[in-house]
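Descriptive analysis of the structure
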Amino acid sequence: MAAWALVSVYDKRGVVAFCRRLREAGYGILSTGGTARHLQEHGIPVTLVEEYTGFPELLDGRVKTLHPKVHGGLLGLRDDPRHVAQMAAHGMERIDVVAVNLYPFTDTVARPGVTFAEAIEMIDIGGPAMLRAAAKNHRFCAPVVDPDDYPWVADALCGGGLSDAQRVYLAAKVFAATSAYDAAIRAYLASFAAKVQPGAGQAGTGPDGQAGADRDGAGAAAAACGKPDAEAAWPEVLTVSFFSRQPLRYGENPHQPAHFYADPGAGPQTIAGARQWQGKELSYNNIQDADAALTLLRSLDDLGKPAVVAVKHMNPCGVGIGETIHEAFARAHEADPVSIFGGIVACNRPVDEALAERLTELFLEIVVAPSFTDAALARFARKKNVRLLTVDMQAPLWRPDDLWFRRVSGGILVQRPDVALARDWQVVTERAPSEAERRALDFAWRVVKHVKSNAIVLANETMTLGIGAGQMNRVGAAKIAIAQAGARAKGAVLASDAFFPMRDTVDAAAAAGVTAIIQPGGSIRDAESIAAANEHGIAMVFTGERHFWH
């Protein structure tokens, strides 16, 4: 026997064929528990690790490979006489291949109803230890963490052996895998700690109803570190891991290389987890725009109405709701029939043949929906370049521990996603909005938070009428929105993502016929805007909540 190959895998894809090839190359197979039984059932001779070490598995399998004979065989330098002598003296035989993959921690914690105790048991200890040892000693021990690598590794081992470059590649892949694994565990534990209610002598409750003392919570962690709660909620070192989803032809522009990576927990309710039915490969800009459309669409969920969102360059150009998805689309299209050209359309109801017929009359890059009927797919097949994506519109889009990242030179900014939606409005004018105006204000407020700042939206109860996005001053955004609305501005409502620094936006709205305004308030000159609204008979409410989107 040339040496041992230690094989202990949770994901058993391809392991039988791999071990057959290892046997052909002269390796003996060391294995544990379920992997050993699986290999034996397929006729592959296996030596149990406990037979090799002379030490039984302990503590319900928590301790089985954490033994000097295992790690000495992994870490010993074969070209160092002292190491060779010590290995011989202690009965440590060479382990030249390690094929290990880890307990599925991420899949486990994503499962509905999983308990904290179940999650903890999915924290692999021996697996990462063996992989890291082999990766450190990759000159002599080949670490294989990905089943997709089995075929070419086997070919190399049965041939002339692995090259130095191949060994370094395998080692790097191990550290990427263990880093991602640790990051997922840290994120889960941090999320659990945040759910524990801090307070003097109080106990908190974990995800599975287990009580946890205050010392386990974020509040106590802050106290222990001498930091305020808000600061302690953020780790000293932020480690995040994303996995390759697909290559992209280029980034925002053709000269920028780009790639799409997915969150390991991305489900079918996300753009990263969406299914593509037809069309060209998604581009960098396609993905951004589709996500913007989906995010806005999902913010309309609790209205309980069929809704359609049209997006262009990360901004909504038309949003409509109706009693049917056809009515909603008609309103989204009517909102801005020019800008929708070359845009993205997202629907929160299935797309049938009739709607597909209308959508194929336009030039669109992407259509997002919960499903497409067979007839609709047949209709879209006539326009093969249109990308069709299905996403789950039932599952929540955001998880409690989700983070939002923005790269800056030399660093990264991190915040929680903007999922807030103020409902406790303060009427600040002499006239309160009517019920119809309230419904329109609620609709406009949901939309304006998804428009680039400075942002102004004019709308009625069922559709946007004018959108002013990304302007350097607020009255400029208002003028764009008013101009786009035209005669439809009369009787409309206006939403602003941030407060009015002066009364000019209110005056412009009044001149166009706007009857009600929703804005955060908070300017030192709020009184001037309120006075202007009262002069014009406009109802105005403050939300106390700003929605900048840069």
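A quick note: this is a predicted structure, and the numbers were derived from the prediction, not measured. (Residues numbered from 1 in each chain as written. Predicted model: local features only at pLDDT ≥ 70, side-chain atom pairs only at ≥ 80, totals over all residues. Heavy atoms only, no water.)

Broken down by element type, the protein carries 20 helices and 23 strands. If you line up the protein on its principal axes, its C-alpha atoms span 95 × 65 × 40 Å. Sorting the 550 residues of the protein into buried and exposed places 48% on the buried side. A sequence separation of at least 24 residues applies to 54% of the contacts in the protein between residues at least 6 apart. The distance from the centre of the 55 positive side-chain charges to the centre of the 61 negative ones in the protein is 4 Å. (Helix = DSSP H or I, 4+ residues; strand = E, 2+ residues; numbered from the N terminus. Buried < 20%, exposed > 50% of the residue type's maximum accessible area, 1.4 Å probe, protein only. Contact = heavy atoms within 4.5 Å. Lys, Arg positive; Asp, Glu negative; His and termini not counted. Charge placed at Lys NZ, Arg CZ, Asp CG, Glu CD.)

A few words now on the sheet that holds strand β5 (residues 142–144). Strand order across the open sheet formed by 5 strands is β3-β2-β1-β4-β5, with parallel pairing between neighbours. Two strands close off the open sheet at either side, each with one partner strand: β3 (47–48) and β5. Looking at chain direction, strand β4 (residues 95–100) and β5 are connected through 3 bridges and run parallel. Directly across from V98, in β5, lies its bridge partner P143. Contacts from helix α2 (residues 33–41) reach β1 (3–8), β2 (27–31) and β3, with the element oriented near 135° to β2. (Pairing = 2+ DSSP bridges. Axes fitted to C-alpha atoms, helices over the stretch in contact; angles between N-to-C directions.)

Let us look at the environment of H138. Inspection of the secondary structure assignment puts H138 in the loop between α8 (126–136) and β5. For the pair formed by H138 and V168, sequence separation is 30 residues and the distance between their alpha carbons is 6.9 Å. Once residues within four sequence positions are removed from consideration, H138 is found in contact with P143, R167, V168 and A171.

Turning our eyes to something else, we now look at the packing of aromatic side chains. Under the defined criterion, the tally for this structure stands at 8 aromatic pairs. A ring pair is formed by F18 and Y150, whose centres lie 4.4 Å apart and whose planes are at 5°; its orientation type is stacked. With a gap of 132 residues between them, F18 in helix α1 (residues 15–24) and Y150 in helix α9 (residues 150–158) connect regions that are remote in the sequence. Taking the centre distance of 6.1 Å and the plane angle of 55° together, the rings of W152 and Y169 count as tilted. In this pair, W152 is assigned in helix α9 and Y169 in helix α10 (residues 164–195), connecting sequence segments 17 residues apart. (Phe/Tyr/Trp six-rings, centres within 6.5 Å; stacked < 30°, edge-to-face > 60°.)

This part covers α8. Of all 11 residues in α8, 8 are buried; the element is thus mostly enclosed. Three or more residues of α8 are buried, namely G126, G127, P128, M130, L131, A133, A134 and A135.

Let's shift gears to the sheet that holds strand β14 (residues 364–369). Taken together, the 6 strands give an open sheet; going across it, the order is β10-β15-β14-β13-β11-β12, and neighbouring strands pair in mixed fashion. Edge positions in the open sheet fall to β10 (275–278) and β12 (315–321), since each of these has one partner strand only. Taking each pair of neighbouring strands and ignoring which way they run, the sheet shows an average axis angle of 20°. Strand direction decides the pairing type here: β10 and strand β15 (residues 387–390), joined by 3 bridges, are antiparallel.

This part covers the side chain of T360. For T360, the position within the fold is in the loop between α15 (353–359) and β14. Those residues in contact with T360 that sit more than four places away from it in its chain are R379, F380 and K383.

All right, on to the environment of S244 then. Structurally, S244 is set in strand β8 (residues 243–248). Placed 21 residues apart in sequence, S244 and G265 show a C-alpha to C-alpha distance of 13 Å. Separated by 2.7 Å, the side chains of S244 and H259 make a polar contact. (Polar contact = N/O pair within 3.5 Å; in protein donor to acceptor, adjacent residues only side chain to side chain.)

Of the residues in the protein, 91% reach a pLDDT of 70 or more, and the chain-wide mean stands at 87. Confidence drops under pLDDT 50 across residues 227–232; counting only partners more than four residues distant or on other chains, this segment forms 8 contacts. (pLDDT = per-residue confidence, 0-100.)

Of all the 6 residues making up β1, 6 are buried; the element is thus mostly covered by neighbouring parts of the structure. Two strands pair when backbone bridges link them, and β1 and β2 are joined in this way by 5 bridges, in the parallel orientation. Across the sheet, the residue bridging to A5 is I29, located in β2. In the classification by handedness, the crossover that spans β1, the intervening α1 and the parallel β2 is right-handed. (Right-handed = clockwise from strand over helix to strand, strands pointing away.)

If you look at the biggest cluster of nonpolar residues, it comprises 50 residues, and the most contacted ones within it are V309 and V457. The contacts of V457, once residues within four sequence positions are left out, are A444, V447, V448, V451, T464, G466, I467, V493, L494 and A495. Listed in part, the 28 residues of the second largest apolar core include L30, L74, V174 and I185. (Core = buried A, V, L, I, M, F, W, Y, C linked by side-chain atoms within 4.5 Å.)

Here the residue pair S453 and N454 is connected by a cis peptide bond, since its omega of -10° sits within 30 degrees of zero. Position of N454 relative to the elements: it lies in the loop between α17 (435–448) and β19 (456–459). Positive phi outside glycine occurs at H313, with the angle close to 55°. With respect to the helices, strands and loops of the structure, H313 is situated in the loop between β11 (307–312) and β12. In this model, M314 sits at a positive phi of 75°, which is unusual for a non-glycine residue. Checked against the element boundaries, M314 lands in the loop between β11 and β12.

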